[in-house]
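Residue strings, one per chain:
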Amino acid sequence: MGALFWIKRFLLAAVPLAALLAAVEWFKGSTAREDYLSAGAWALIAATIFTYSAWRRHRHAKACGMCDDLAAARKAKKTT
């Protein structure tokens, strides 16, 4: 997984979140430029945390506990 993958993943997290937070500001009636900049900043912060945690988990080859539990549950369900 190269840099392009992680950049795409970051953008796929940041852009919709920024749009959602900007829409919330708009529905609240806040149309000031600072409100939209704040929504964008929070989206960038959240997307950075999301992407960094996924990159770190991938880098250290850590298993996803929830994924393993789901796979085991599906396997158990098929056998019963």
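Read on for a plain summary of the structure.

Parameters at a glance
- Residues numbered from 1 in each chain as written.
- Predicted model: local features only at pLDDT ≥ 70, side-chain atom pairs only at ≥ 80, totals over all residues.
- Heavy atoms only, no water.
- Salt bridge = Lys/Arg side-chain N within 4 Å of Asp/Glu carboxyl O.
- Helix = DSSP H or I, 4+ residues; strand = E, 2+ residues; numbered from the N terminus.
- Buried < 20%, exposed > 50% of the residue type's maximum accessible area, 1.4 Å probe, protein only.
- Expected span 1.5 Å × (residues − 1).
- Contact = heavy atoms within 4.5 Å.
- Phe/Tyr/Trp six-rings, centres within 6.5 Å; stacked < 30°, edge-to-face > 60°.

### Focus on the pattern of salt bridges
Here the structure, examined in full by the defined rule, presents 1 salt bridge. The residue Glu 25 makes a salt bridge to Lys 28 at a minimum N-O spacing of 3.7 Å. Taken together, the residues span about one helical turn, with Glu 25 and Lys 28 both in helix 1 (residues 3-28) at a distance of 3 residues. Residue classification places Lys 28 among the exposed residues on the basis of a relative accessible area of 58%.

### Things to note about helix 1
Here helix 1 spans 37 Å end to end across 26 residues, near enough to the 38 Å set by a 1.5 Å rise per residue. Burial in helix 1 covers these residues: Trp 6, Ala 13, Ala 14 and Glu 25. Buried residues along helix 1 sit in contact with helix 2 (33-59).

### Focus: the packing of aromatic side chains
Applying the stated rule across the entire model yields 3 aromatic pairs. Summarising the aromatic geometry, the rings of Phe 5 and Trp 6 are spaced 4.9 Å apart at their centres and angled 85° between planes, so their arrangement reads as edge-to-face. Classification of Trp 6 as buried rests on a relative accessible area of 11%. Geometrically, the ring pair formed by Tyr 52 and Trp 55 is tilted, given 5.9 Å between the ring centres and 40° between the ring planes. Taken together, the positions of Tyr 52 and Trp 55, both in helix 2 and 3 residues apart, correspond to about one turn of that helix. Judged by its relative accessible area of 45%, Tyr 52 is partly exposed.

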